[in-house]
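As a plain string of letters, each chain reads:
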Amino acid sequence: MIQIKNVHKSFDDLAVLKGINLTVNKGEALSIIGGSGSGKSTLLYCINAIESIQQGQILVDDIDVHASHTNQDKLRQKLGMVFQQWNAFPHLTVLENAALAPRIVKKMRKEEAIEIAKKELIHVGLGDKLDMYPTKMSGGQQQRLAIARALAMRPDYMLFDEITSALDPELVGEVLDTLRMLRDDGITMICVTHEIAFAREVSDTVAYFHQGVIEEIGPPEQVISNPQKQTTQHFLRKVL
Amino acid sequence: MDYEFHWSIVWRHMPEMLQGAFVTLHVSVLSMLIGILIATPLAIAKLNHNKFFSPIATVWVEIARNTPGLFQIYMAYFGLGALGIHLSPYVAVLCALAFVNTGYLTETFRGGFQSIPKTQYSAAKSLGMSRFQSYRHIILPQMFRRIYHPMTNQFIWAILMSSLGILVGMNELSGETQRLQSLSFRTLEFFIVAAVMYFIITKLVLLSTALIARKLFKGEI
């Protein structure tokens, strides 16, 4: 379970998160929607401790993420993350990309790491690209590689940060299909996304972020199909 | 022009010339290795604004890049000698070359690190890699790939600068050539052959670094 309690975060004088409270249970899918600058991506970076917070608390399976005694490198093994900009490691083959972290972080034997990496790569449809270098692949393929690479660490939670935003429109579909597949596998996920239709389809809960606060939260039928707040209605009118 | 070339004396002394060429190569390779080993942490310190090492790196870079090589070799040999630290010509030249290499490479490496997208660090971090693991497996391999060719130039430069070893009586190719010509007075012949040998050495070095690059860097950046 991920619990976010009254989290505040600012960059210098700019307050980005102003008291966020959220709970994501095992097996749930939460989508976060909202305009740019609303703080939705920053929250993901705070959950896996890439960014620090100024106030509040984030608990991942009851581990306090930002406590000084927490081993954050170890904690991140629980949290897979995929970024907006696909960032495959360009000097490694597809297979090496996915097998590296299991081998060096989890200290798996090489054969074991490769086996897991292969399995995840086949799962996302890259089984025929194992020995390729990522720079030769399309953005959609690289993004699927990033998903498989995160999954190979067998995380308990997946964080997706606008993973289709930088893709050419015709490549968005294959990545969303991969996410749907993960959803069917029952993986717990938090998706920051601009794909409203997708959020409505796969999420248990949708949160609308506006200027650093959660303006509206609830099941998608409510937040997306029947929003109560004016700001939410306004936002959805613009993007739908 | 009535100069008469006498090449036979040069051929007779070829073994000594080759020995000198070997010393030239030896001292340049070693000075590069030392330079890489010191420049890597200095570049990282500079990028992270490390309170202690960053100023050291800055001073080092500034001195190395803005003073003549001749001065650095003199400092290592005569300067330290005056202070009671007596280095052999070989060690003095090695120190001076390594000093300059470190200065230039620190700046090259810094540029290399900066050219790697921040997202690569985040991606490595998000997979649970420690700082050391991220550098070791993700950042350094990419950095070295990007600065490989500038680094090769530095290597060539080190080979050529080692010829200043002649000034402190080092037995590298130039020093050896100097000694041999003073025994025979066939100055032109000896220095022409030495120049050709420098040319061949640098060409061979460029060829081998290109071959190593092909073997090392299979993926594209």
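All figures in this text were calculated on a predicted structure; none of them were measured in a lab.

Rules of the game
Residues numbered from 1 in each chain as written. Chains lettered and ligands numbered in written order. Predicted model: local features only at pLDDT ≥ 70, side-chain atom pairs only at ≥ 80, totals over all residues. Helix = DSSP H or I, 4+ residues; strand = E, 2+ residues; numbered from the N terminus. Expected span 1.5 Å × (residues − 1). Buried ≥ 20, exposed ≤ 12 C-beta atoms within 10 Å, placed from the backbone. Contact = placed C-beta atoms within 7 Å. Arc of directions from axis to C-beta. Pairing = 2+ DSSP bridges. Axes fitted to C-alpha atoms, helices over the stretch in contact; angles between N-to-C directions. Parallel < 35°, antiparallel > 145°, perpendicular 65-115°, else oblique. Left-handed = near helix turned anticlockwise from the far one by under 90°. Nonpolar A, V, L, I, M, F, W, Y, C, P; charged D, E, K, R; others polar.

Turning our eyes to something else, we now look at helix α5 (residues 139–151) of chain A. All names here are of chain A. Taking 1.5 Å per residue as the helical rise, α5 with its 13 residues ought to reach 18 Å, and the 18 Å between its terminal C-alpha atoms agrees with that figure. With 12 of 13 residues buried, α5 is to be regarded as a mostly interior element. Contacts made by the buried residues of α5 are with β6 (79–82), α3 (94–104), α4 (110–123), β7 (157–161) and α6 (169–184).

This part takes up unusual backbone geometry. One non-glycine residue, D61 of chain A, lies in the positive phi region at around 45°. By secondary structure assignment, the location of D61 of chain A is in the loop between β4 (55–60) and β5 (63–64). Given 12 C-beta atoms within 10 Å, D61 of chain A falls into the exposed group. A positive phi angle, near 60°, is found at F185 of chain B, a position not held by glycine. Here F185 of chain B shows up in the loop between α9 (173–184) and α10 (187–216).

What follows concerns α4 of chain A. Working note: α-helix, 3.6 residues per turn, so residues spaced by three or four point in the same direction. Residue and element names in this part refer to chain A. Helix length check: α4 (14 residues) gives 20 Å between terminal C-alpha atoms against 20 Å at 1.5 Å per residue, within 8%. Listed in full, the buried residues belonging to α4 are A113, I116, A117, E120 and L121. For α4, the buried positions fall inside an angular range of 135° around the axis, keeping them on one side. Buried residues along α4 sit in contact with α3 and α5.

Here we come to the sheet that holds strand β1 (residues 2–11) of chain A. Ordered by their spatial adjacency, 4 strands build an open sheet running β2-β1-β4-β5 (chain A), and the pairing between neighbours is antiparallel. The two strands at the open ends of the sheet, each matched to only one other strand, are β2 (14–24) and β5 of chain A.

In this section: the packing of helix α4 (residues 69–82) of chain B against helix α5 (residues 89–114) of chain B. A pair of packed helices is characterised by two quantities: the angle between their axes and the separation of those axes. All names here are of chain B. Contact pair α4 / α5: the axes reach a minimum separation of 8 Å and the direction vectors enclose 135°. By the angle between their axes, α4 is oblique relative to α5. At the point where α4 passes α5, the crossing takes the right-handed sense. Residues G69, Q72, I73, A76 and Y77 of α4 form the contact with α5, whose own contacting residues are P89, A92, V93, C95, A96, F99 and V100. For the contact of α4 with α5, a count of residues per class yields 10 nonpolar, 2 polar and no charged.

What follows covers the environment of F199 of chain B. Along the chain, F199 of chain B turns up in helix α10. The spacing of F199 of chain B and G35 of chain B is 164 residues in sequence and 23 Å in space, taken between C-alpha atoms.

With that out of the way, let us pick up the sheet that holds strand β3 (residues 29–34) of chain A. Residue and element names in this part refer to chain A. Strand order in the open sheet formed by 6 strands is β6-β7-β8-β3-β9-β10, with mixed pairing between adjacent strands. Edge positions in the sheet fall to β6 and β10 (213–218), since each of these pairs with one other strand and no more. Neighbour to neighbour, the strand axes of the sheet diverge by 15° on average, direction disregarded. Packed onto the sheet, α5 meets β6 and β7 and runs at close to 170° relative to β6.

It is worth spelling out the pairing of β7 of chain A at this point. Residues and elements named next belong to chain A. Of all the 5 residues making up β7, 5 are buried; the element is thus mostly covered by neighbouring parts of the structure. Burial of the side chains of β7 extends over both faces: Y157, L159 and D161 are buried on one face and M158 and F160 on the other. Pairing analysis gives 4 bridges linking β6 to β7, with the strands arranged parallel. Directly across from G80, in β7, lies its bridge partner M158. Summarising the sheet, β7 and strand β8 (residues 188–192) pair through 5 bridges and their orientation is parallel. Looking across to β8, one finds that L159 is bridged to I190.

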